[in-house]
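For reference, the chains in residue letters:
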Amino acid sequence: MAEPKITLTDSRTDKSYEVPIQNSTIRAIDLRQVREVPEEFGMMTYDPGYTNTASCSSKVCFIDGDKGILRYRGYPIENLAENCTYTEVAYLLLYGELPTQSELGGWNAEIGMRTMVHENLKKFMDGFRYDAHPMGMLISSVAALSTFYPEAKNIQSKTNRRMQQLRLLGKIPTLAAYAYRHSQGLPYTMPDNELTYTENFMNMLWRRTEPKYDPDPVLAKALDVLFILHADHEQNCSTSTMRTVGSSNADPYISLSAACGALYGPLHGGANEAVLKMLDEIGSMENIPKFIKEVKEGERRLMGFGHRVYKNYDPRAKIIKTIADQVFEVTGKNPKIELAKELEKIALEDDYFVKRRLYPNVDFYSGIIYEAMGFRPEMFTVLFAIGRTVGWLTHWEELMEDPEARIARPRQVYLGPGEREFVPIAERLGKMQSERA
Ligand code: ACO
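Colleague: So what about the overall build of the chain? Which residues, and what values?
Modeller: When helices and strands are counted, the chain shows 18 helices and five strands. A compact globule built from 437 residues would reach a C-alpha radius of gyration of about 22 Å, and the chain, at 25 Å, matches this within 12%. For the chain, the C-alpha atoms occupy an extent of roughly 80 × 65 × 60 Å along the three principal directions. Considering only contacts within the chain whose residues lie at least 6 apart along the sequence, 69% involve residues at least 24 apart. As displayed, the chain offers around 22800 Å² of accessible surface, 53% of which is attributable to carbon and sulfur atoms. For the chain, the centre of its 53 positive side-chain charges and the centre of its 59 negative side-chain charges are spaced 3 Å apart.

This is the structure:
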């Protein structure tokens, strides 16, 4: 079969161009040949927020937003959440295949060996104020790791990259737990590598004076599933940030710290915190209609609703909704769940949300579970970051191996003034004056 092509005709010149199609995509650079006059730069695409631009090719994560499908390396998220542990899924993401029992044992041991952090990093943490946001602490301490492992700059070596990936997977829960305990004024807890990845995280968060922490199995499983659900989501804002910063050959600690920064925003991973604040603000059922009215009038957003890719129910939100009941059996019910369910019911029947295909996303219910477990909203995005760390690292590794990878450097459409004559400072009118003139 002949190579598929798209034919473009430029109405300015009546010239036609044939552009090859590959994987339902055309290469933006193929448009450069489209010019009105030979000295022109050539045509570009304009895509604020990258709503229709593939920035890379990837073999990690598949999403069909219309059908509400999410797969890691081909495996449906529902199967992975039901049958695997987080570290098993982390192995799948990073290495492309599910581990055998002995591979998993070795992998867990490798990560477990790297859960401790340098004592100086604890002192660094101590420098934060008692009420510092734990995301600010996480972002800074991940960046600080770069100074402890200067060899991480050698990103050309695959062996070296693997070492940093193990370190990051091992240390992220430790840094997250230290940020949590700092805000509580509690001494930091040493990791316990006899526990699983998630149980050890719980140990570092919640162990007090008991000689050995005994994690609740239901809560440990729930937290582990939440980490799995957050592990990857293809080219979202933070993963794209990881790739963008990584494309300048920055070391993985710096790139991952930048990815955490992107996650912090309330339109991305910070939405789970924003959902809880929103529910607190709404307060009770009778205030819901007024709130929905304000959303429809564009005064605010229904946080935890809507997604760039999903135009159907986010499959992760479905799983989280079922976990909620299991968690509440241990912790007691979080009354906010009823408020959230009512908001969802109203929104799913309301024309405004139906027309725009706005459904609950992963963040709508996760915060309610986290709160029931005893986390303050400030910690929610930190928990998201723990799960997503492996996704960021996997995409970074894919970038490092991609022969087509180049430094990320988008173009712009310049709409500013043309060349102007320089005005000496004494003769300038100033912006306010010239606007008045
Ligand atoms: N509440 C009310 N209206 C909304 C919402 C919402 N949560 N989300 C989108 N809309 C409306 C917009 O106002 C817009 O309406 P219009 O066409 O009349 O102008 C339309 O739906 C399309 O919205 P966009 O903002 O253009 O969609 P985009 O793909 O750029 O944004 C986003 C996606 C950021 C997730 C958005 O839906 C949002 O702000 N949601 C709330 C924050 C949130 O929950 N973020 C978490 C996302 S999941 C994650 O990152 C882990």
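Colleague: Provide a residue-level description of the side chain of Thr381, including the pertinent values.
Modeller: The topology assignment puts Thr381 in helix 17 (residues 380-401). Given a relative accessible area of 0%, Thr381 falls into the buried group. Not counting residues within four places of it along the chain, the set of residues in contact with Thr381 comprises Met135, Leu263, Tyr264, Gly269, Gly270, Asn272 and Glu273.

Colleague: Outline the site of the ligand, listing residues and values.
Modeller: The environment of the ligand is formed by 19 residues, the closest being His268, Arg301, Leu302, Gly304 and Arg308. Within the side chain of Arg308, one N or O atom sits 2.7 Å away from an oxygen atom of the ligand. A distance of 2.9 Å separates an oxygen atom of the ligand from a polar side-chain atom of Arg356. Taken by itself the ligand offers 910 Å² of open surface, and the protein chains cover 72% of this. A class-by-class count of the residues in the shell around the ligand yields ten nonpolar, five polar and four charged.

Colleague: Describe in detail helix 5 (residues 134-148), supporting the description with residues and values.
Modeller: An ideal rise of 1.5 Å per residue puts 21 Å on 15 residues; helix 5 measures up with 21 Å between its terminal C-alpha atoms. Turning to helix 5, its buried residues are Pro134, Met135, Met137, Leu138, Ile139, Ser141, Val142, Ala144, Leu145 and Ser146. Buried residues along helix 5 sit against helix 4 (119-126), helix 6 (158-184), helix 10 (252-264) and helix 17.

Colleague: Just give me the short version of the environment of Lys333, but keep the residues and values in it.
Modeller: Here Lys333 shows up in the loop between helix 13 (315-331) and helix 14 (336-349). Residue class for Lys333 comes out exposed when judged on its relative accessible area of 52%. Apart from the residues lying within four places of it in its own chain, the contact partners of Lys333 are Phe328 and Glu338. Engagement of the side chain of Lys333 in a polar contact is seen with the side chain of Glu338, the distance being 2.6 Å.

Colleague: Quick one: what's the story with the nonpolar core, residue by residue and with numbers?
Modeller: If you look at the biggest cluster of nonpolar residues, it comprises 117 residues, and the most contacted ones within it are Tyr72, Met278, Leu302, Leu343 and Phe375. Looking at this core, the element that brings in the most residues is helix 17, giving eleven residues. Apart from residues lying up to four places away in sequence, Phe375 is in contact with Tyr180, Leu205, Trp206, Tyr370, Phe380 and Leu383.

Colleague: Tell me what's going on with the packing of helix 2 (residues 86-95) against helix 17, and back it up with residues and numbers.
Modeller: For the pair helix 2 and helix 17, interaxial distance at closest approach is 9 Å and the crossing angle is 15°. In this view, helix 2 runs roughly parallel relative to helix 17, as classed from their interaxial angle. Taken as a pair, helix 2 and helix 17 cross one another with a handedness that is right-handed. Side by side, helix 2 and helix 17 meet where Tyr86, Ala90, Leu93 and Leu94 of the first sit next to Ile386, Gly387, Val390, Leu393 and Thr394 of the second.

Colleague: Before we move on, can you summarise the layout of surface pockets with the specific residues and values?
Modeller: Its volume calculated, the second largest pocket comes out at about 370 Å³. Forming the walls of the second largest pocket are 23 residues, and the residues nearest its centre are Asn108, Leu195, Thr196, Tyr197 and Thr198. Put simply, the parts of the chain that give the lining of the second largest pocket at least two residues each are helix 2, helix 3 (101-112), helix 6, helix 7 (197-206) and helix 8 (217-229). When its residues are assigned to classes, the lining of the second largest pocket shows ten nonpolar, ten polar and three charged.

Colleague: Talk me through helix 13; I want residue IDs and the actual numbers.
Modeller: Residue pairs spaced three or four apart in an α-helix point in one direction, given the helix's 3.6 residues per turn. An ideal rise of 1.5 Å per residue puts 24 Å on 17 residues; helix 13 measures up with 25 Å between its terminal C-alpha atoms. Those residues of helix 13 lying buried are Pro315, Arg316, Ala317, Ile319, Ile320, Ile323, Ala324, Val327 and Phe328. Here the buried face of helix 13 lies against strand 4 (69-72), helix 1 (77-83), helix 8, helix 14, helix 16 (363-373) and helix 17. Backbone geometry just downstream of helix 13 places Gly332 in the positive-phi region, at approximately 90°.

Colleague: I'd like a description of the pattern of salt bridges, backed by residues and values.
Modeller: Within this structure, the stated rule accounts for 28 salt bridges. For the salt bridge of Arg12 with Asp10, the shortest nitrogen-to-oxygen distance reads 2.8 Å. Looking at Arg12, the relative accessible area reads 38%, which means it is partly exposed. Each of Lys158, Arg161, Glu397 and Glu401 takes part in a single network of salt bridges with overlapping partners.

Colleague: An account of the packing of aromatic side chains is needed here, citing residue identities and associated values.
Modeller: Applying the stated rule across the entire model yields 18 aromatic pairs. With centroids separated by 5.9 Å and ring planes inclined at 70°, the aromatic side chains of Tyr180 and Phe375 adopt a geometry described as edge-to-face. Residue Tyr180 is found in helix 6, and its partner Phe375 is found in the loop between helix 16 and helix 17; the two are separated by 195 residues along the sequence. Take Tyr180 and Phe375: they sit in the same class, and that class is buried. On the basis of an interplanar angle of 75° and a centroid distance of 6.0 Å, the ring pair of Phe305 and Phe353 is categorised as edge-to-face. Pair noted here: Phe305 is in the loop between helix 12 (288-296) and helix 13 and Phe353 is in helix 15 (residues 351-355), with a separation of 48 residues, a long-range link. For Phe305, a relative accessible area of 10% translates into the label buried. Members of the aromatic cluster, connected to one another through ring pairs, are Tyr180, Trp206, Tyr370, Phe375 and Phe380. The positively charged end of Arg356 is found above the aromatic ring belonging to Tyr352, 3.8 Å away from the centroid.

Here is what the cut-offs are and how they apply
Residues numbered from 1 in each chain as written. Predicted model: local features only at pLDDT ≥ 70, side-chain atom pairs only at ≥ 80, totals over all residues. Heavy atoms only, no water. Helix = DSSP H or I, 4+ residues; strand = E, 2+ residues; numbered from the N terminus. Rg over C-alpha atoms; globule rule 2.2 N^0.38 Å. Contact = heavy atoms within 4.5 Å. Areas by Shrake-Rupley, 256 points an atom, 1.4 Å probe, with all protein chains shown as cover. Lys, Arg positive; Asp, Glu negative; His and termini not counted. Charge placed at Lys NZ, Arg CZ, Asp CG, Glu CD. Buried < 20%, exposed > 50% of the residue type's maximum accessible area, 1.4 Å probe, protein only. Near = heavy atom within 4 Å. Polar contact = N/O pair within 3.5 Å; in protein donor to acceptor, adjacent residues only side chain to side chain. Nonpolar A, V, L, I, M, F, W, Y, C, P; charged D, E, K, R; others polar. Expected span 1.5 Å × (residues − 1). Core = buried A, V, L, I, M, F, W, Y, C linked by side-chain atoms within 4.5 Å. Axes fitted to C-alpha atoms, helices over the stretch in contact; angles between N-to-C directions. Parallel < 35°, antiparallel > 145°, perpendicular 65-115°, else oblique. Left-handed = near helix turned anticlockwise from the far one by under 90°. 1 Å grid on protein atoms, 1.4 Å probe; cavity = no way out; pocket = protein on both sides within 12 Å on 5 of 7 lines; lining within 4 Å. Points joined across faces, edges and corners; volume = space filled by probe spheres on them. Salt bridge = Lys/Arg side-chain N within 4 Å of Asp/Glu carboxyl O. Phe/Tyr/Trp six-rings, centres within 6.5 Å; stacked < 30°, edge-to-face > 60°. Lys NZ or Arg CZ within 6 Å of the ring centre and 35° of its normal.

This is a description of form; function is not addressed.
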